[in-house]
Amino acid sequence: MSAVRKAMFLCSILLLLPHAHAVQIEPDNWTGSMVIEGGHSILVEENTATWCQRCAEIDPDLGIVAEEHGSRIAMVSYHPDDGVDAFGPEAAQHRIERLNIQHENDTGYPSFVVHNGLIREDVSSWPDVQGDILKAESNQRQFTSLTVRAETNDTHLMVTVMPPHASEVDNMTQYTILFLQHKKTVDKAFENPGESHRDRVLVALAEFPMQGQQTAIGSTIIAPFVASYPTQDLEEWSVIVVHEYTASALQNRSILNSQPLGVVQISMQSSVLDDSGEVPLLLPVMIFLAVGMLGLVSINSMEKVREEE
């Protein structure tokens, strides 16, 4: 099959894919609760650090990228507990250690993992990240249908996930709730080459394995598949719910067959698209990717013409 036909075939597949499931709500429009059903979003995990110059430069751009992707991706940032990062939440270290089960321990900053796939390091790898997102979407034929409710009161954000039907229970999997804070302020006592805050910061989590002990880090488990996080100083937030394999199951699986089974995101945050007229740092990389793809198509088209002649 020619490159042109492959590209057309891929586009056809993407058009037939069901809508991904993530929703962003402006703070002024938040009514106190939201229920969403779905699971087809693609999980993008970023390893970053507040002291990292390159990470600081692209952090605002990643917010634009995440929003422009709409409901197709759910993006979360992990800050290491290295004694130098301003945040270093225990929940993020827990997720980093989970990634290390199937990936190299020593990765650069920033680095990205799409749907538990390969690690892509630095901004220069962004074309690969974009390609991984498209590939994950085109390969995802089935997904877990998740029903998630997020609600707030004066003190807490509470997230409830409807338990799976008995016929859908897989003892090697778990439901994971990730609590993210947007615009999290960097303490002035720490090295900070960027803006005064960072975005998409994982601050807490809760794990509900289908078999075994539940885990809460930074959050409180209220009941099976229900967890809460205090809203003090939490002006804008996101929750990502992932149906995924347990850490013990990952040790016996390859990267190719350990992708999340379902992903949903609810965000209560203001839009970042109109905040600045500056050109995002990632834009040249995106243009490079697009030009490269067009060049590849042109070359293959020319070769096809020569063959026909």
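Please refer to the structure higher up on the page.
Residues numbered from 1 in each chain as written. Predicted model: local features only at pLDDT ≥ 70, side-chain atom pairs only at ≥ 80, totals over all residues. Heavy atoms only, no water.

Asks: So what exactly am I meant to see when it comes to the pattern of salt bridges here?
Replies: Between side chains of opposite charge, a pair can form as their charged atoms come close. Going through the model one piece at a time under the given rule, you end up with 11 salt bridges. Across the salt bridge formed by R95 and E45, the nearest N and O atoms sit 3.2 Å from each other. Placement of R95 in helix α3 (residues 90-100) and of E45 in strand β3 (residues 42-47) is noted, with a sequence separation of 50 residues between them. For E45, a relative accessible area of 3% corresponds to the buried category. For R95, the salt bridge is made with E244, and the minimal N-O distance between the two is 2.8 Å. Pair noted here: R95 is in helix α3 and E244 is in strand β16 (residues 237-245), with a separation of 149 residues, a long-range link. Comparing R95 with E244 shows no difference in burial state: the two are buried. Through salt bridges with shared partners, a single network forms among E45, R95, R98 and E244. (Salt bridge = Lys/Arg side-chain N within 4 Å of Asp/Glu carboxyl O. Helix = DSSP H or I, 4+ residues; strand = E, 2+ residues; numbered from the N terminus. Buried < 20%, exposed > 50% of the residue type's maximum accessible area, 1.4 Å probe, protein only.)

Asks: So what exactly am I meant to see when it comes to the packing of aromatic side chains here?
Replies: The relation between two aromatic rings is expressed through the spacing of the ring centres and the mutual angle of the planes. Following the criterion strictly, the structure yields six aromatic pairs and no others. Ring-pair connections join several aromatic residues into one group, and the members of that group are Y175, F208 and F225. Geometry around Y245 places R253 over its ring, the cationic atom sitting 3.9 Å from the centre. (Phe/Tyr/Trp six-rings, centres within 6.5 Å; stacked < 30°, edge-to-face > 60°. Lys NZ or Arg CZ within 6 Å of the ring centre and 35° of its normal.)

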